[in-house]
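Listed below are the residues making up each chain.
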Amino acid sequence: MSESSEAEANEVCLVDDDPSVLRSMHYLLASEGFKIRPFNKAEDFLAHASTHRVPVVVTDIWMDGVTGLELLARLCAISPRTKVIVITAREDLAARATAMAIGPIAFFMKPFNDEKFIAAVREALNQA
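## As for the sheet that holds strand S3 (residues 56-60)
For step 1, the next point in the chain: Spatial strand order, S2-S1-S3-S4-S5: five strands in an open sheet with parallel pairing. In the strand order of this sheet, the two ends are held by strand S2 (35-39) and strand S5 (106-109), each with one partner. This sheet shows a mean twist of 20° between the axes of neighbouring strands, independent of strand direction.
For step 2, the next point in the chain: When strand S1 (residues 11-15) meets S3, the two strands line up parallel, connected through four bridges. Each bridged residue has a counterpart across the sheet, and for Val15 the counterpart in S3 is Thr59.
For step 3, the next point in the chain: Sheet strands touched by helix H3 (residues 42-49): S1, S2 and S3. Its angle to S1, the strand with the most contacts, is close to 150°.

As structure tokens, then:
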């Protein structure tokens, strides 16, 4: 495995349009030794996913432009093996049911338990 494909194999992509959430998740996961690639726009992440292997993505549901649900639907077509962790600050049962039907590894309400979140990311990488 080349160095770049090995790095991609352990990479966690973060997608959230809230800069403070993106920074805090990046810091949390990087402090645990994960290689992180942050995106503040779903469109930018989808462009990346169409040309790179993405083992794990953590995405918000409610974002400007392309929502997390749209991201999940498009991701299924371009990278069906990507493991997904969904996060949201807004309790919306319909959105939750739609997200869960796509089959994420985990679903977290913000603010979430850091240890449980890290455990879910580790599990997702192990399954990727």
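There is more to say after this.
## Details of the layout of surface pockets
For step 1, the next point in the chain: Approximately 160 Å³ is the volume found for the second largest pocket.
For step 2, the next point in the chain: Lining the second largest pocket we find Arg53, Val54, Pro55, Ile78, Ser79, Pro80, Arg81, Thr82, Lys83, Gln127 and Ala128.
For step 3, the next point in the chain: Residues of the lining of the second largest pocket, tallied by class, amount to five nonpolar, three polar and three charged.

## Concerning the environment of Lys41
For step 1, the next point in the chain: Locating Lys41 in the fold gives a position in the loop between S2 and H3.
For step 2, the next point in the chain: Note: C-alpha distance between Lys41 and Val15 (26 residues apart in sequence) is 6.7 Å.

## Topic: the environment of Arg90
For step 1, the next point in the chain: Inspection of the secondary structure puts Arg90 in the loop between strand S4 (83-88) and helix H5 (93-102).
For step 2, the next point in the chain: Sequence separation between Arg90 and Trp62 is 28 residues; the distance between their C-alpha atoms is 7.8 Å.

## Digging into the packing of aromatic side chains
For step 1, the next point in the chain: Under the defined criterion, the tally for this structure stands at four aromatic pairs.
For step 2, the next point in the chain: A ring pair is formed by Phe39 and Phe45, whose centres lie 5.6 Å apart and whose planes are at 75°; its orientation type is edge-to-face.
For step 3, the next point in the chain: The buried category is assigned to Phe45, whose relative accessible area is 0%.
For step 4, the next point in the chain: Considering the side-chain rings of Phe112 and Phe117, the 4.5 Å spacing of their centres and the 35° angle between planes classify their relative orientation as tilted. Each member of the pair, Phe112 as well as Phe117, carries the same accessibility label: buried.

## Digging into the pairing of S2
For step 1, the next point in the chain: Bridging between S1 and S2 involves five bridges; their strand directions are parallel. Within the sheet, the bridge partner assigned to Leu14 lies in S2 and is Pro38.
For step 2, the next point in the chain: Of the crossover connections in this fold, the one passing from S1 over helix H2 (residues 19-31) to the parallel S2 is right-handed.

## Quick notes on the packing of H2 against helix H6 (residues 114-127)
Pairs of packed helices are described in terms of their axes, by the angle between the two and the distance that separates them.
For step 1, the next point in the chain: At a closest axis distance of 11 Å, the pairing of H2 and H6 adopts a crossing angle of 70°. As judged from the angle between their axes, H2 and H6 are roughly perpendicular. Relative to H6, H2 is oriented so that their crossing is right-handed. The residues of H6 that touch H2, namely those facing Met25, Leu28 and Leu29, are Asp114, Phe117, Ile118 and Val121.

Criteria and thresholds
Every chain is numbered independently, its residues counted from 1 as its sequence is written. Confidence filtering applies because this is a predicted model: local features only for residues at pLDDT of at least 70, side-chain atom pairs given and counted only at 80 or more, and all residues used for totals across whole chains, interfaces and linings. Excluding hydrogens and water, the side-chain figures rest on all heavy atoms present in the structure. For two strands to be treated as a pair, DSSP must find at least two bridges joining them. Per the convention used, a helix needs a DSSP run of H or I reaching at least four residues, while a strand needs a run of E reaching at least two, with both numbered from the N terminus. Note on definitions: angles span 0 to 180 degrees between N-to-C directions of axes, and those axes are lines fitted to C-alpha atoms, for helices only across the stretch in contact. In this description, contact between two residues means that some pair of their heavy atoms is separated by no more than 4.5 Å. Buried and open spaces are told apart on a 1 Å grid over the protein atoms alone, a cavity being a set of points where a 1.4 Å probe fits but cannot get out and a pocket being an open set with protein on both sides within 12 Å along at least five of seven lines. Residues with an atom within 4 Å of a point are the lining residues. Grid points are joined across faces, edges and corners, and a volume is the space filled by probe spheres set on the points. Residues are sorted three ways: Asp, Glu, Lys and Arg are charged, Ala, Val, Leu, Ile, Met, Phe, Trp, Tyr, Cys and Pro are nonpolar, and all the rest, Gly among them, are polar. Centres within 6.5 Å are what make two rings of Phe, Tyr or Trp a pair, Trp counting through its six-membered ring; a difference in plane orientation under 30 degrees is then read as stacked, over 60 as edge-to-face, and the rest as tilted. Exposure is judged per residue with a 1.4 Å probe applied to protein chains only, and the accessible area is read against the type maximum: over 50% gives exposed, under 20% gives buried, and values in between give partly exposed. A crossover counts as right-handed when, viewed with the strands pointing away from the observer, the path leading from the first strand over the helix to the second turns clockwise. Should an angle lie under 35 degrees it is considered roughly parallel, over 145 roughly antiparallel, and from 65 to 115 roughly perpendicular; all remaining angles are considered oblique. If you view the pair so one helix is near and one far, a crossing is left-handed when the near helix is turned anticlockwise from the far one by less than a right angle, and right-handed when it is turned clockwise.

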